[in-house]
There are 2 protein chains.
Amino acid sequence: MSDSFALEAVDVALSPMERFEEYLKSKGKRITQPRRILIEHVFSHHEHFDADALIDELSHQSKGSDRVSRPTVYRTLNELVESGLLRKMEIGGRAVYEHDYGYPDHDHLYCTQCQNLIEFQSAELKELRDQVARLHQFRATGHRFIINGVCDECQKKSRRKKRRIDLI
Amino acid sequence: MSDSFALEAVDVALSPMERFEEYLKSKGKRITQPRRILIEHVFSHHEHFDADALIDELSHQSKGSDRVSRPTVYRTLNELVESGLLRKMEIGGRAVYEHDYGYPDHDHLYCTQCQNLIEFQSAELKELRDQVARLHQFRATGHRFIINGVCDECQKKSRRKKRRIDLI
DNA sequence: CTACTTGCAAACTCTTTGCACACCA
DNA sequence: TGGTGTGCAAAGAGTTTGCAAGTAG
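Residues numbered from 1 in each chain as written. Chains lettered and ligands numbered in written order. Predicted model: local features only at pLDDT ≥ 70, side-chain atom pairs only at ≥ 80, totals over all residues. Heavy atoms only, no water.

1. A look at the UniProt feature "binding site: Fe cation" (unreviewed entry) in chain A
Residues and elements named next belong to chain A.
Link 1 in the chain: The residues that UniProt annotates with the feature "binding site: Fe cation" (unreviewed entry) are D107 and H143. The largest pairwise C-alpha distance within this set of annotated residues, which runs over 37 residues, is 9.0 Å, so the set is compact in three dimensions.
Link 2 in the chain: Structurally, the position occupied by D107 is in strand β4 (residues 107-111).
Link 3 in the chain: In this view, D107 contacts I118, E119, F120, L125, H143, R144 and F145; residues no more than four positions away in its chain are not counted.
Link 4 in the chain: Polar contacts involving the side chain of D107 include one to the side chain of H143, which spans 3.1 Å.
Link 5 in the chain: With respect to the helices, strands and loops of the structure, H143 is situated in strand β6 (residues 139-150).
Link 6 in the chain: The class of H143 is buried, set by a relative accessible area of 12%. (UniProt positions renumbered as here; feature names shortened; annotations may be inferred. Helix = DSSP H or I, 4+ residues; strand = E, 2+ residues; numbered from the N terminus. Contact = heavy atoms within 4.5 Å. Polar contact = N/O pair within 3.5 Å; in protein donor to acceptor, adjacent residues only side chain to side chain. Buried < 20%, exposed > 50% of the residue type's maximum accessible area, 1.4 Å probe, protein only.)

2. A look at the protein's contact with DNA strand C
Link 1 in the chain: In the region of DNA strand C, 21 residues are neighbours, and A:K29, A:R35, A:R67, A:S69 and A:T72 sit closest.
Link 2 in the chain: At the protein interface, 66% of the atoms of DNA strand C within 4 Å belong to sugar or phosphate.
Link 3 in the chain: A:S69 is positioned such that a nitrogen or oxygen atom in its side chain is 2.7 Å from a phosphate oxygen of DNA strand C.
Link 4 in the chain: Within the side chain of A:T72, an N or O atom sits 2.7 Å from a phosphate oxygen of DNA strand C.
Link 5 in the chain: Those elements that provide at least two residues to the surface near DNA strand C are α2 (33-42) and α4 (70-82) of chain A together with α3 (51-58) and α4 (70-82) of chain B.
Link 6 in the chain: Among the elements that make up the surface near DNA strand C, the one with the highest residue count is α4(B) (five residues).
Link 7 in the chain: The residue makeup of the surface near DNA strand C, split by class, is eight nonpolar, four polar and nine charged. (Near = heavy atom within 4 Å. Nonpolar A, V, L, I, M, F, W, Y, C, P; charged D, E, K, R; others polar.)

3. Focus: the domain arrangement of chain A
Residue and element names in this part refer to chain A.
Link 1 in the chain: On domain assignment, one finds that chain A holds domain 1 (13-102) and domain 2 (104-167).
Link 2 in the chain: Averaged C-alpha coordinates put domain 1 and domain 2 at centres separated by 26 Å.
Link 3 in the chain: At the junction of the two partners, domain 1 supplies eight residues and domain 2 supplies nine residues.
Link 4 in the chain: Ranking the residues of domain 1 by area buried against domain 2 places H48, R87 and I91 at the top, with a combined share of 56%.
Link 5 in the chain: On the surface where domain 1 and domain 2 come into contact, there are zero salt bridges.
Link 6 in the chain: Counting the contacts that link domain 1 with domain 2 gives six residue pairs in polar contact (both at pLDDT 80 or more).
Link 7 in the chain: Contributing elements (two or more residues each) for the side of domain 1 that touches domain 2: β2 (86-91) and β3 (94-99).
Link 8 in the chain: Per-element accounting of the side of domain 1 that touches domain 2 gives the leading share, four residues, to β2. (Domains from an automatic or database assignment. Buried area = accessible area lost by both parts, 1.4 Å probe. Salt bridge = Lys/Arg side-chain N within 4 Å of Asp/Glu carboxyl O.)

Right under this line is the structure:
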């Protein structure tokens, strides 16, 4: 899954690993090898991903040293979300994760053809959100805004295909 | 699940049942008893609901005359979405449906405490959406905007509870 | 040492599908 | 009558859980 890399990373004092260790300590949890492997892996790429991809990469590989089991992948993903390192969203019935820590707030364009998520930022949206919330005496803690449609790439592909058909 | 009823229904020429019959005919599908029961039931209340609620109400009841089986509930829900009568959204991993036909476009505030969906309309949001899409050469076909947080009701409840604890 | 973690297998939830019978047009 | 639709049971996808063995602190 390739993404748009238009957004700049935010400067953060601690690395994701360090931040996760803080979180674990604060909860009386332990810094274990599987947790280390998983977070290392997750923060080495900057993409949207789902649990299945992670399981393919970490669990299905036969070499034993840096293998992480399916349940541990799920358990750790939940911890990463709870600790604020990852953001989780549901698209088409499955959970999709992305970096949250060290990454600016943003929303997404979702191409229903190629399934790509394109990120964008909008200050106006945040204002609009708070304005709506205020109007309803609602204490907003977050939001999810996804614009569905067809990305530039896929539109071009469709046009090319259509032209080919027209020639017949 | 009780909702806010702030939104006015839009005038439509055909009843949902009639509209669905049109759709079925156009697809060479048949107007059957289970489909009639389901749509009648769905459009008699004006609430957000999930497949499970419908199955409880239509499938688990033992009396045989207006019973609809689980698979037929799912099959018909998909047809209702495809025909434009219902809108489907995913919240917390499960599908939630609401009336689309004869109901204005809107978005939602989602209370993470009581799970209620509160509807709101915003023309600005639509403009914002189209503006963002244009900027990315994206052909927008729809969007989903959900503001998460705590509704007025639940904030009041929390405050009452907090006060009781403070008194101890 | 002791409580927290892991991996395995199995359970669970939600949704879809194969198939024989039923039914609408 | 012929093709659709239905209900049943069972399969699937995605995720969680119980438990015995392993390991961090």
